[in-house]
Amino acid sequence: QVQLVESGGGSVQAGGSLRLSCAASAHTYSDYCMGWFRQHRGKAREGVAWIDVDGRTSYANFVKGRFTISVDNGLNTLYLEMNSLKPEDSGLYYCAAEPGRDYCSIRDYKYWGQGTQVTVSS
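Residues numbered from 1 in each chain as written. Predicted model: local features only at pLDDT ≥ 70, side-chain atom pairs only at ≥ 80, totals over all residues. Heavy atoms only, no water.

Caption draft 1: Expanded view of the sheet that holds strand S3 (residues 18-26). Read from one edge to the other, the open sheet built from 4 strands follows the order S1-S3-S8-S7, with strand pairing classed as antiparallel. Pairing within the sheet leaves two strands with one partner each, and these edge strands are strand S1 (2-7) and strand S7 (67-72). Ignoring which end each strand starts from, the neighbouring axes of this sheet average 15° apart. (Pairing = 2+ DSSP bridges. Helix = DSSP H or I, 4+ residues; strand = E, 2+ residues; numbered from the N terminus. Axes fitted to C-alpha atoms, helices over the stretch in contact; angles between N-to-C directions.)

Caption draft 2: Region of interest: the layout of surface pockets. Taken as a whole, the largest pocket holds about 500 Å³ of empty space. Contributing to the lining of the largest pocket are 22 residues, with Ser30, Tyr32, Met34, Asn73 and Asn76 lying nearest its centre. Where the lining of the largest pocket is concerned, the elements lending two or more residues are S3, strand S4 (32-39) and strand S8 (77-82). With 4 residues, S3 is the single largest residue contributor to the lining of the largest pocket. (1 Å grid on protein atoms, 1.4 Å probe; cavity = no way out; pocket = protein on both sides within 12 Å on 5 of 7 lines; lining within 4 Å. Points joined across faces, edges and corners; volume = space filled by probe spheres on them.)

Written out as structure tokens, the structure is:
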């Protein structure tokens, strides 16, 4: 069992930055893939960024070069730093975890947070 709580969402103007956080607590010891997903304005949920147990990261093409995923293992916290934000980045951002060591971007995720809202205005 993994509990995930996102925070850090808010409103920002286009071109601005936000840093999302995800506090994680696991009741079993395991290796997890971690990921950020988003859903906006009636669109389907889509993967944004992923990180594996070795710190290897991957990104969706639409955020590559603008967003950075990272993890602080000591704090059990996942981060998503978002720069050069665009209005189309607006949406509800979810933190997620899935048991696994690699291929994190192609896995289905079992554990989800409640989401944090990001609004980017033009």
